[in-house]
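A closer look at the structure
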Amino acid sequence: ERLEAEGAGQLNDLAVAPDGTIYATDSATGGLRRAAPGDAALEPWLPDTPLPGANGIAVSADGGAVYVAHSTGIARIDAASGELLPRLANDTRETLAAIDGLYLRGTTLYGIQTVANPVRAIAIDLYETGARATSVRTLLSHHHPALGEPTTGTLWNDRFLILANSHVARLQPDGGVREPESIRDPVVLSVAASD
């Protein structure tokens, strides 16, 4: 099935709520889009509250909260009311900015932080309300030889699977790939994930 997204700048990540509602980020506009089951289009959602660099997105298990990684942190949105917390409170000394892929299991967010130095995969433990980060753990860092340009992953059983070398920076505006002869086969790394 195809959903139109008229006016989208750069659709990036998406997440599906338990009821089948699709949420998507638009990194170019900082916007969010949403489509309920049966809708024909991804319509703008909360158009007056842009999140610059909106990227990774995750939905809570009950569908009540949507988390969006953006340039300066992670926003939390109440799915029913649209109430926005622009940035999670952060009890740690770690940055929650510039996360690409974002995933949620229980009260732990998993993210791939690509702009941070060093590049790393992290686990962010949340307070029970889901509005405050209580700890940040590095699961995998740039020290791993296969970790080139990670952007995305998935949670599977008790593991966090990470695409270690996306080569996304080599994509050209015309759809070509810069230096295609040097692109390696995809590498997926697996680290333990726990709630």
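Scroll up for the structure.
Description of the structure in this document. Since the model is a prediction, treat every value here as computed from it, not as a measurement. (Residues numbered from 1 in each chain as written. Predicted model: local features only at pLDDT ≥ 70, side-chain atom pairs only at ≥ 80, totals over all residues. Heavy atoms only, no water.)

**Let's talk about the sheet that holds strand 11 (residues 108–113)**
Sheet architecture is open: 5 strands sit in the order 9-13-12-11-10, paired in mixed fashion. Edge positions in the sheet fall to strand 9 (89–90) and strand 10 (99–105), since each of these pairs with one other strand and no more. (Pairing = 2+ DSSP bridges. Helix = DSSP H or I, 4+ residues; strand = E, 2+ residues; numbered from the N terminus.)

**Observations regarding the environment of P37**
Relative to the assigned elements, P37 resides in the loop between strand 3 (31–35) and strand 4 (43–45). Distance from P37 to T21, taken between C-alpha atoms, is 5.7 Å for residues 16 residues apart in sequence. If we skip the residues at most four places from it in the chain, P37 touches D19, G20 and T21. (Contact = heavy atoms within 4.5 Å.)

**A few points about the side chain of T92**
With respect to the helices, strands and loops of the structure, T92 is situated in the loop between strand 9 and strand 10. A distance of 2.6 Å separates polar atoms of two side chains, one belonging to T92 and the other to N90. Within the structure, the side chain of T92 is placed 3.0 Å from the backbone nitrogen of E94, a separation counted as a polar contact. Apart from residues no more than four positions distant in its own chain, T92 is found in contact with A133, T134, S135 and V136. (Polar contact = N/O pair within 3.5 Å; in protein donor to acceptor, adjacent residues only side chain to side chain.)

**Examining the side chain of T151**
On the secondary structure map, T151 appears in the loop between strand 13 (132–141) and strand 14 (153–156). Once you skip the residues sitting within four places of it in the chain, T151 turns out to touch D100, G101, I112, T114, L163, S166 and V168.

**Overview of the packing of aromatic side chains**
Counting across every chain of the model gives 3 aromatic pairs. Centroid distance Y110 to F160: 5.5 Å. Interplanar angle 55°. Geometry classified as tilted. With Y110 in strand 11 and F160 in strand 15 (residues 159–163), the pair connects residues that are 50 residues apart, well separated along the chain. Per residue, the accessibility class of Y110 equals that of F160, and both read buried. Taken together, the aromatic side chains of Y103, Y110 and F160 make up a single cluster linked through ring pairs. (Phe/Tyr/Trp six-rings, centres within 6.5 Å; stacked < 30°, edge-to-face > 60°. Buried < 20%, exposed > 50% of the residue type's maximum accessible area, 1.4 Å probe, protein only.)

**A look at the environment of H143**
By the secondary structure assignment, H143 is in the loop between strand 13 and strand 14. Residue classification places H143 among the exposed positions, given a relative accessible area of 64%. Each C-alpha atom of the pair H143 and G31 lies 34 Å from the other, and the pair is 112 residues apart in sequence.

**What about the sheet that holds strand 3?**
The strand order 1-2-3-4 describes an open sheet built from 4 strands, whose pairing is antiparallel. One side of each edge strand has no neighbouring strand; the edge strands of this open sheet are strand 1 (11–16) and strand 4. Pairwise comparison of adjacent strand axes, ignoring direction, gives a mean angle of 35° for this sheet. (Axes fitted to C-alpha atoms, helices over the stretch in contact; angles between N-to-C directions.)

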